[in-house]
2 protein chains.
Amino acid sequence: MTTVSFFAPIRENLQAVETLMRQQAADYHHDLDAALQHLLSAGGKRLRPALALLVGKMLGAEIEPLVTLAAAIELLHTATLVHDDLIDGALLRRGIPTLNASWSPAATVLTGDFMFARAARLASQVNSLEVMQLFTETLAIIVNGEIAQLFEGPGLADRAAYYRRIFAKTASMFVLATESAAVLSGVDEAQIEAIRGYGHDLGMAYQIVDDILDFTGDQVKLGKPVGSDLRRGLITMPALCYLESHPDSVALQSVLEGRIVPESEMDALIERIRESEAIAQAADDARRLVHRAIAHLQAFPAGPERESLEALAAYIVARDF
Amino acid sequence: MTTVSFFAPIRENLQAVETLMRQQAADYHHDLDAALQHLLSAGGKRLRPALALLVGKMLGAEIEPLVTLAAAIELLHTATLVHDDLIDGALLRRGIPTLNASWSPAATVLTGDFMFARAARLASQVNSLEVMQLFTETLAIIVNGEIAQLFEGPGLADRAAYYRRIFAKTASMFVLATESAAVLSGVDEAQIEAIRGYGHDLGMAYQIVDDILDFTGDQVKLGKPVGSDLRRGLITMPALCYLESHPDSVALQSVLEGRIVPESEMDALIERIRESEAIAQAADDARRLVHRAIAHLQAFPAGPERESLEALAAYIVARDF
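Each value, and the rule that gives it
- Residues numbered from 1 in each chain as written.
- Chains lettered and ligands numbered in written order.
- Predicted model: local features only at pLDDT ≥ 70, side-chain atom pairs only at ≥ 80, totals over all residues.
- Heavy atoms only, no water.
- Contact = heavy atoms within 4.5 Å.
- Buried area = accessible area lost by both parts, 1.4 Å probe.
- Salt bridge = Lys/Arg side-chain N within 4 Å of Asp/Glu carboxyl O.
- Polar contact = N/O pair within 3.5 Å; in protein donor to acceptor, adjacent residues only side chain to side chain.
- Helix = DSSP H or I, 4+ residues; strand = E, 2+ residues; numbered from the N terminus.
- Nonpolar A, V, L, I, M, F, W, Y, C, P; charged D, E, K, R; others polar.
- Buried < 20%, exposed > 50% of the residue type's maximum accessible area, 1.4 Å probe, protein only.
- Least-squares fit on C-alpha atoms with pLDDT ≥ 70 in both.

So, on to the interface of chain A and chain B. Tallying the contact residues gives 40 residues for chain A and 40 residues for chain B. Across the chain A/chain B interface, buried area totals approximately 3,500 Å², and carbon plus sulfur atoms make up 73% of it. Considering only the side of chain A, the residues that lose the most area to chain B are His29(A), Leu110(A) and Leu129(A), jointly responsible for 16% of the buried surface there. Measuring nitrogen to oxygen at the nearest pair gives 3.9 Å for the salt bridge that ties Glu137(A) to Arg118(B). The tally of links between chain A and chain B comes to eight residue pairs in polar contact (both at pLDDT 80 or more). Breaking the side of chain A that touches chain B down by element, the ones donating at least two residues are helix 3 (30-41), helix 5 (63-88), helix 7 (105-125) and helix 8 (129-152) of chain A. Element by element, the count of residues in the side of chain A that touches chain B is highest for helix 8 of chain A, at 15 residues. In terms of residue class, the side of chain A that touches chain B is made up of 22 nonpolar, eleven polar and seven charged.

Set out below in structure tokens:
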């Protein structure tokens, strides 16, 4: 099953989301508009809008506010990427130049701010205060997570801290997409809890798989060096698993203590992690979460949308490690 | 009349706004909390919250959502200052070190983002979709204005462009404060139009006076060199008035064309503007707007709040030029 087929029940709706997002800077400064088009052309799989649309259609939400919600969430996601790339000094994302590769920091900050503003405006046009509150709460969680990462730096080498971090970074927005769509559908609290569970577990699994691919992926495909997280002092699931079975790794301890590790030693450490059982252990954790995500879906009516949500979850852990 | 007496009808409410703003980072990373307290301690006159409170009380709005609205607007204002100071590289604001004077750009961007998130969350807690839409629309206007200024740079030397710029920068938020409070009060469209007019004219006058003080103020009090806007190529009302009566000023033409003007020539140009009739002409324009602002208030019931709104407007142009 390809991503295309997950999206079959919502193909037209995704097109409407795309159109709505691209209109957001039409009445503003032409450079803002150009920046928005560039950022949206950089692609991305539109997973978050797809989640909102599939959940909302499964639960009987009206299409128009659902499309607006989906556009708001994807635009929020894109806005956070703009500020992230600035903060990390990244010059490429998905192989396409980031805004800060060619724009000044000032223009990049403001473009991100503009996209936050438009995302928030779209969220307000969903016409649900509850959705609006979920939206702003999620934004605060994401930003707080980035602040914590910036200030705490290395030294956080336990699973609880890692899970907290990837919840803030990734899963919180999956929860926003699924929960908001359920709220719009007017389902009961138990169903909202179940869909929150799905969004949460799916988002956590998604980030763990991303963190595995950072070790096992191909430098050319990744568009960045293998092990890039570890190279900047960030301990993700594969490194955590490796640490659990190799607590005395000198190089890994150096990373944890925030010391600079010579490149040759770093290369060797990453190679050891790639070839260790840590990769399979991390993948097991992602699979555990995906199974739990799919189990949450059993609370909902069978049909093409639920099938797509199940297939989407399965696909996440079916990628090559 | 001092600012204290304008605020007499709302003194307790302003205290509640202060408390609410200061709670916004309590459950988040302690460095975020410290940054928020620092930024709020830097003061400011709390003009925007005062406007929302006075208008809302005059028109019979409930106090609790009004306080939440006022806190949301002041927090939005503070968030925009954080990103502004970063963009301008300002190290002091109101004589107190800016965040970016001691923090990294990354931390400063994220702190601003967090404050946007909390401002938006407070706005959503006002429980009015219409207010939320005004709020996000205003944020987009402000950011678009900053982008335009960044990209267009100098060369905008007519009143229409200047008015557009100061509407985006300042008056839009005064409109937000007054219009949102009127929306919460449930008054009719004509009254909303009148209060929008008041907020607009007051905000425009306020920025013109600020722009005059940038020329006539004392370097020590301003905390920046006299004529700082012109020094960075920004043509404000006094320079515009001067240009209208001295279209052949070589130094001013150089600024307009984006050329670097030697400091001694710039000093002399600023001195000529300070001593010209341009200052009085700019002040006349501010007075015209203040009179119009006060005229809009005649649509509303007399009482302590209307008196405060009138006095506040009069005070803005009673400052020493």
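Counting across every chain of the model gives 30 salt bridges over all chains. Between Asp267(A) and Arg231(A) there is a salt bridge; the shortest N-O distance is 2.9 Å. With Asp267(A) in helix 15 (residues 263-275) and Arg231(A) in helix 12 (residues 228-231), the pair connects residues that are 36 residues apart, well separated along the chain. On the basis of relative accessible area, Arg231(A) is assigned to the partly exposed category, the value being 32%. Note that Asp285(B) is salt-bridged to Arg288(B), the shortest N-O span being 2.9 Å. With Asp285(B) and Arg288(B) both in helix 16 (residues 278-297), this residue pair falls three residues apart, about one helical turn.

Once that is clear, we can look at the relation of the copies chain A and chain B. In screw terms, the move from chain A to chain B is a rotation of 180 degrees and a rise of 0.0 Å along the axis, fitting with an RMSD of 0.0 Å. This pairing of chains is accounted for by a two-fold axis.

The residue Arg46(A) is not glycine, and still its phi comes out positive at about 55 degrees. Relative to the elements of secondary structure, Arg46(A) occurs in the loop between helix 3 and helix 4 (47-59). Arg46(A) gets classed as buried once you look at its relative accessible area, which sits at 10%. At Asn127(B), a residue that is not glycine, the phi angle is positive and equals roughly 65 degrees.

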